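Descriptive analysis of the structure
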Amino acid sequence: MSEMVEVKVPDIGDIDSVEIIEVLVSIGDQIAEEDSLITVESDKASMEIPSSHAGVVKEIRVSVGDSIAEGGLVAVIEVSAETVAEEPAKVEAPVQQTEVVKTDEKPQLAPVASAPATKPSPTASMSTASLKNAHASPAVRKFARELGVDLVKVAGSGRNKRIVKDDVQTFVKKLMSSGGASINGAAALGVEPMPEIDFSQFGEIEVQALSKINKLTGKFLHRNWVTIPHITQFDEADITSLEAFRKQSNLEYADQGVKFTMLSFIMKAVAVGLKKYPRFNSSLEPSGENLILKNYFNIGVAVDTPDGLVVPVVRDVDKKSLVEISIELREISGKARNKKLKPSDMQGGCISISSLGGIGGTKFTPIVNAPEVAILGVSKAEMKPVWNGSEFEAKLMCPLCLSYDHRVIDGADGARFITYVSHLLADARRLLL
Ligand code: CAO
């Protein structure tokens, strides 16, 4: 003998009604207990309503687009009498309620089929867990599970952003073609991927391929930006007397073809700063367990080239004279612009300097060039009135912008380092001490 069981919407928490966005079964389907019957969606999430019984779907009492609330009738299932008889234990713990209707008797209310306590109830899914439960059918979920894809990271292209099998396949393809990180690293970060927009719909466009350097730099900068907790500390160095000295030195060395720019002095000052503050001359082990302190003083210099940004390294800045540093700086920036740098020319830096002083701008926030832990940005020096305690004096002030890895360097040390470098530049004789 069989029985007809009405399956109703169980307790779905503090939600008045939800919209049915999918009916997952058809009349005549043989279903197992816990098979999903419908998918409903609130303004927060979607969830599937499972059947409390195994059996054959005899009636479906809902359609897509209907609103339904707790207790609403979803379907009538024909259940074999043995199945119902086998379930007395479940009567003890009612969470979902269904109405059992014997074909030959009047309906009577009986609590049936709660989920085990350890299994999340539909209520739990709807409130918090289902925010993580992506909107997809059981078959698509199974498919995603088999591929190890976290559906939360997949954008749905189906109705109401429902994730279909194609979406999972497209996600995997993108992941593979980007070497494990999806477009813009969005999947790795667990955020929505950037939408692919056809900009030509808004006006004329031109597609320009990124250079190899652009792509490489982009990857490293992105990694550094998202993995390093950055702080940028600003200061202004009074370089009035240093500028006079630089100009004078340029005149004196003109016949030797040497040209000093402010950058050579700043490199020297930074090397002295690294000696005084050794944590700035370190790298954090990827494990985060140890700091590697270096006893050499190599400085990377960001060079702007037509193909993109490169950072060649000037070695042993502490041991070189300003003449040597100036010559080498000219050589490496020339090599960079003529694509003559070797990989080894760009390795072994302890800290980098990014100088935009020759271009303009007042300040910027450079990104640490990992595995280094700090980078000094230099902006264009300007004449400014500076209060000396009794009057304003015209001073040439050079903006310095120090970004550092806050895991390695505390704010106080950041301020000490930049103040010290400014102090050295304010009177370059200190570089000799
Ligand atoms: N304030 C005012 N003027 C400055 C200055 C400063 N801070 N720094 C440089 N200048 C002046 C120079 O003195 C020079 O003027 P003169 O010819 O009259 O002496 C002029 O600007 C051009 O200098 P330069 O830029 O050619 O030389 P440099 O040694 O200062 O810099 C280099 C060399 C390779 C760093 C630079 O050319 C460069 O490529 N900068 C861009 C770096 C970059 O793209 N950084 C962004 C990376 S993102 O973090």
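These numbers come from a predicted model, not from an experiment.

1. Section: the overall build of the chain
- When its secondary structure is counted, the chain shows 10 helices and 21 strands.
- Classification of the 433 residues of the chain by burial places 40% in the buried group.
- Residue pairs at least 24 apart in sequence account for 60% of intrachain contacts in the chain once pairs closer than 6 positions are excluded.

2. Some words on the site of the ligand
- Near the ligand you find 22 residues, and of these Lys259, Thr261, Arg337, Ser354 and Ala381 are the closest.
- Taking Ala381, its main chain carries an N or O atom lying 2.8 Å from a nitrogen atom of the ligand.
- Within the complex, 71% of the 960 Å² of free accessible area of the ligand lies under protein.
- If you list the elements that add at least two residues to the shell around the ligand, you get strand 15 (303-305), helix 9 (322-337) and strand 18 (351-355).
- Residue contributions to the shell around the ligand peak at three residues, all from helix 9.
- The class makeup of the residues in the shell around the ligand is 10 nonpolar, seven polar and five charged.

3. Examining helix 10 (residues 411-426)
- Over its 16 residues, helix 10 extends 22 Å from the first C-alpha to the last, a length consistent with the 22 Å expected when each residue adds 1.5 Å.
- Three or more residues of helix 10 are buried, namely Gly414, Phe417, Ile418, Tyr420, Val421, Ser422, Leu424 and Leu425.

4. Remarks on the confidence of the model for the chain
- On average, residues of the chain carry a pLDDT of 84, and 83% of them reach 70 or more.
- Taken as a whole, residues 85-132 scores under 50 in pLDDT and shows 74 contacts with residues more than four places along the chain or in a different chain.

5. Examining the environment of Gln30
- Examined against the element boundaries, Gln30 turns out to sit in strand 3 (residues 30-31).
- A relative accessible area of 61% means that Gln30 is categorised as exposed.
- Sequence spacing of Gln30 and Glu78 is 48 residues, and the spatial spacing of their C-alpha atoms is 9.4 Å.
- Setting aside anything within four residues of it in sequence, one finds Gln30 in contact with Gly55 and Val56.
- At a separation of 3.3 Å, a polar atom in the side chain of Gln30 contacts the main-chain carbonyl oxygen of Gly55.

6. Some remarks on a nonpolar patch on the surface
- There is a patch of nonpolar side chains on the surface, built from Ile197, Phe199, Phe202, Ile205 and Val207 and spanning about 570 Å² of accessible area.
- Turning to its location among the elements, Phe202 is positioned in the loop between helix 5 (186-189) and helix 6 (212-227).

7. A closer look at the side chain of Ser422
- In this structure, Ser422 sits in helix 10.
- What Ser422 contacts, discounting residues up to four positions off in sequence, is Asp235, Glu236, Ala237 and Leu400.

8. A short note on the packing of aromatic side chains
- For the structure shown, the criterion picks out seven aromatic pairs.
- Aromatic pair Tyr277 and Phe417: ring centres 6.2 Å apart, planes at 70°, arrangement edge-to-face. Taken together, the residues Tyr277 in the loop between helix 8 (262-276) and strand 12 (282-284) and Phe417 in helix 10 connect sequence positions 140 residues apart.
- For Phe417, a relative accessible area of 0% corresponds to the buried category.

9. Side note on the packing of helix 8 against helix 10
- One way to put it is that helix 8 packs onto helix 10 with a least axis distance of 9 Å and a crossing angle of 135°. It follows from the interaxial angle that helix 8 and helix 10 lie oblique. In terms of crossing hand, the pair formed by helix 8 and helix 10 is right-handed. Touching Phe265, Ile266, Ala269, Val270, Val272, Gly273, Leu274 and Lys276 of helix 8 are Phe417, Tyr420, Val421, Leu424 and Leu425, all from helix 10.
- Looking at the contact of helix 8 with helix 10 residue by residue, the class counts come to 11 nonpolar, one polar and one charged.

10. Overview of the nonpolar core
- Formed by 49 residues in total, the largest nonpolar core has its most connected members in Met267, Val270, Ile353, Leu400, Phe417 and Leu425.
- Every element with two or more residues in this core is listed here: helix 8, strand 14 (299-301), helix 9, strand 18, strand 19 (374-378), strand 21 (392-405) and helix 10.
- Counting residues in hydrophobic clusters, the runner-up holds 20 residues, among them Val7, Val25, Ile49 and Ala75.

11. Let's talk about the pairing of strand 21
- Of all 14 residues in strand 21, 11 are buried; the element is thus mostly enclosed.
- Note that strand 19 and strand 21 share five bridges and pair antiparallel. Across the sheet, the residue bridging to Gly377 is Cys401, located in strand 21.
- Looking at chain direction, strand 20 (residues 382-387) and strand 21 are connected through six bridges and run antiparallel. Looking across to strand 21, one finds that Met383 is bridged to Leu396.
- The loop that links strand 20 with its antiparallel partner strand 21 comprises four residues; one of these, Gly389, has a positive phi angle of about 115°.

12. What to know about unusual backbone geometry
- Backbone torsion omega between Ala370 and Pro371 reads 10°, so that peptide bond is classified as cis.
- Phi is positive for Glu34, close to 80°, though the residue is something other than glycine.
- Residue position: Glu34 is located in the loop between strand 3 and strand 4 (36-41).

Criteria and thresholds
Residues numbered from 1 in each chain as written. Predicted model: local features only at pLDDT ≥ 70, side-chain atom pairs only at ≥ 80, totals over all residues. Heavy atoms only, no water. Helix = DSSP H or I, 4+ residues; strand = E, 2+ residues; numbered from the N terminus. Buried < 20%, exposed > 50% of the residue type's maximum accessible area, 1.4 Å probe, protein only. Contact = heavy atoms within 4.5 Å. Near = heavy atom within 4 Å. Polar contact = N/O pair within 3.5 Å; in protein donor to acceptor, adjacent residues only side chain to side chain. Areas by Shrake-Rupley, 256 points an atom, 1.4 Å probe, with all protein chains shown as cover. Nonpolar A, V, L, I, M, F, W, Y, C, P; charged D, E, K, R; others polar. Expected span 1.5 Å × (residues − 1). pLDDT = per-residue confidence, 0-100. Patch = residues over 30% accessible without salt bridge, like charges linked within 9 Å, V, L, I, M, F, W, Y side chains within 5 Å. Salt bridge = Lys/Arg side-chain N within 4 Å of Asp/Glu carboxyl O. Phe/Tyr/Trp six-rings, centres within 6.5 Å; stacked < 30°, edge-to-face > 60°. Axes fitted to C-alpha atoms, helices over the stretch in contact; angles between N-to-C directions. Parallel < 35°, antiparallel > 145°, perpendicular 65-115°, else oblique. Left-handed = near helix turned anticlockwise from the far one by under 90°. Core = buried A, V, L, I, M, F, W, Y, C linked by side-chain atoms within 4.5 Å. Pairing = 2+ DSSP bridges.

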